[in-house]
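Topology and contacts: notes
Here's the letter readout for the chains.
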Amino acid sequence: MVVVGAGAAGLNAALVLTRARRRVAVVDTGRPRNAPAAHMRGFLSRDGMSPAALLAVGREEVEGYGGDLLDARVDRVEPVPGVHHGAGAPPAGFLVHLAGGRVLRARRVVVATGLRDGLPDLPGLAERWGRDVLHCPYCHGYEVRDRPLGVLGTHPGSVHQALLVRQWSADVVFFPQAVELSDTDRARLDARGVRVVEGPVARVVVEDDRLRGVELADGRAVPREAVFLFPQMVPRDALLSDLGCERDAQGWVTTDGAGRTGVPGVWAVGNVADPRAQVVTAAGAGAAAAFAINHDLVDEDVERALAAVPAPTTAIAATTAVPQ
């Protein structure tokens, strides 16, 4: 079994599978999406823990049950030529090619490679990402509560994001930027107490390692202490594309409730398939996939064992047919 990606989803899948006494290798390059964040929130018993600390503990737990952790990049995954065990059954296995030439063989593959956040090309945004330029109010809203907040219009859902952020502060300013506001949008923002400041944004103002405001192209500066925006979420799913996994209308790889893709033997869990998954959600998805994979392997083990049993030989006695 090979798990590609050692975030919460991949490590939790590996943890459950190693505890099920499966041999598991986890391959990862050590660049998690949430690396800029100092803390993670909303994870029962782990609220406030740093993402790096969670992953370090997870790696230790997987290794403690015999899992192998490889610091490497997977270049491609290909099915092993061979006889399938029935319609819709996985291939004889998969060859997982690592950068540098090493090849792993696996009966099943879990892809948990996550996504990357594409940010608008505005000075200051990338440097403050995960600190005071934020995406998820459920992850960061409480920490910036009651402070002057801004929401940058970068996405069709930005108006709703502004309405949501208002839950954490009475002082919220919406900067439309790339969003054309309808009369209904303006009425909803006004009813919620969200101010709208028109004009293109030039940059976020940072002083003494803190975000101080949003500067417009005409030179106006609006004091703010944190800014929310929707990044462009780009799944790291090249491996799944190369395997021919199906996608939905929004371009994301489709899976069932346990992470099973349309390609037999291939699972996708976490942000690579679900952009809304937080750390706790991704970890749960990894566990659900592991349960399904182990059941899948048990069924295959039984079928193989049955196929290896010699067919019984039955002596045929001469009888006289009796009409029924």
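Look up: the structure comes first, before these words.
Below is a short write-up of the structure.

Re the nonpolar core
In terms of nonpolar packing, the biggest core is built from 27 residues, with Met1, Val24, Val26, Val62, Val110 and Ile293 touching the most fellow members. The set of elements that each furnish at least two residues to this core consists of α1 (8-19), α2 (51-64) and α8 (279-308). Ignoring sequence-local partners within four residues, the contact set of Ile293 consists of Met1, Leu17, Arg108, Val110 and Trp267. Leu70, Val74, Ala268 and Val272 belong to the second largest nonpolar core, which has 25 residues in total.

Let's talk about the pattern of salt bridges
What the rule picks out here adds up to 22 salt bridges. Where Asp117 meets Arg33, a salt bridge forms, and the shortest distance between an N and an O atom there is 2.9 Å. Of this pair, Asp117 sits in strand β8 (residues 115-118) while Arg33 sits in the loop between β2 (25-28) and α2; the two residues are 84 residues apart in sequence, bridging distant segments of the chain. For Arg33, a relative accessible area of 26% translates into the label partly exposed. The residue Arg304 makes a salt bridge to Glu300 at a minimum N-O spacing of 3.1 Å. You can see Arg304 and its partner Glu300 sitting in helix α8, four residues apart, about one turn around the helix. For Glu300, a relative accessible area of 7% puts it in the buried group. One salt-bridge network, in which partners are shared between bridges, spans Arg22, Arg107, Arg108, Asp296, Glu300, Asp301 and Arg304.

Focus on the packing of aromatic side chains
Taken as a whole and assessed by the stated rule, the structure comprises one aromatic pair. Arranged with centres 5.6 Å apart and planes meeting at 90°, the rings of Tyr138 and Trp168 form a pair that is edge-to-face. In this pair, Tyr138 sits in helix α4 (residues 137-140) while Trp168 sits in the loop between α5 (158-165) and β11 (172-175), placing the two residues 30 residues apart along the sequence. Under the relative-accessibility criterion, Tyr138 is labelled exposed at 54%.

Considering empty space enclosed by the protein
Here the structure, examined in full by the defined rule, presents one cavity of 30 Å³ or more. What lines the largest cavity is simply Leu122, Leu125, Leu152, Phe175, Val201, Val204, Val214 and Val227. Its residues assigned to classes, the lining of the largest cavity comprises eight nonpolar, no polar and no charged.

Topic: the side chain of Ser169
Relative to the helices and strands, Ser169 resides in the loop between α5 and β11. In this structure the side chain of Ser169 is engaged in a polar contact, spanning 2.7 Å, whose partner is the backbone oxygen of Arg147. Excluding residues within four positions of it along the chain, Ser169 makes contact with Asp146, Arg147 and Leu149.

Let's talk about the sheet that holds strand β6 (residues 103-106)
If you walk across this open sheet you meet the three strands as β4-β5-β6, and the pairing is antiparallel. A strand with exactly one partner marks an edge of an open sheet, and here the two such strands are β4 (74-79) and β6. Averaged over all pairs of adjacent strands, the angle between strand axes in this sheet comes to 20°, irrespective of strand direction. The pairing of strand β5 (residues 94-98) with β6 spans four bridges and is classified as antiparallel. Bridge pairing in β6 links His97 to Val103.

Observations concerning the packing of α1 against α2
At a closest axis distance of 9 Å, the pairing of α1 and α2 adopts a crossing angle of 20°. Relative to α2, the element α1 lies roughly parallel. Between α1 and α2 the crossing geometry is left-handed. Between α1 and α2, the residues in contact are Ala8, Leu11, Ala14, Leu15 and Thr18 and Leu55, Gly58, Arg59, Glu61 and Val62, respectively.

Calculation notes
- Residues numbered from 1 in each chain as written.
- Predicted model: local features only at pLDDT ≥ 70, side-chain atom pairs only at ≥ 80, totals over all residues.
- Heavy atoms only, no water.
- Core = buried A, V, L, I, M, F, W, Y, C linked by side-chain atoms within 4.5 Å.
- Buried < 20%, exposed > 50% of the residue type's maximum accessible area, 1.4 Å probe, protein only.
- Helix = DSSP H or I, 4+ residues; strand = E, 2+ residues; numbered from the N terminus.
- Contact = heavy atoms within 4.5 Å.
- Salt bridge = Lys/Arg side-chain N within 4 Å of Asp/Glu carboxyl O.
- Phe/Tyr/Trp six-rings, centres within 6.5 Å; stacked < 30°, edge-to-face > 60°.
- 1 Å grid on protein atoms, 1.4 Å probe; cavity = no way out; pocket = protein on both sides within 12 Å on 5 of 7 lines; lining within 4 Å.
- Points joined across faces, edges and corners; volume = space filled by probe spheres on them.
- Nonpolar A, V, L, I, M, F, W, Y, C, P; charged D, E, K, R; others polar.
- Polar contact = N/O pair within 3.5 Å; in protein donor to acceptor, adjacent residues only side chain to side chain.
- Pairing = 2+ DSSP bridges.
- Axes fitted to C-alpha atoms, helices over the stretch in contact; angles between N-to-C directions.
- Parallel < 35°, antiparallel > 145°, perpendicular 65-115°, else oblique.
- Left-handed = near helix turned anticlockwise from the far one by under 90°.

By themselves these figures say nothing about function.
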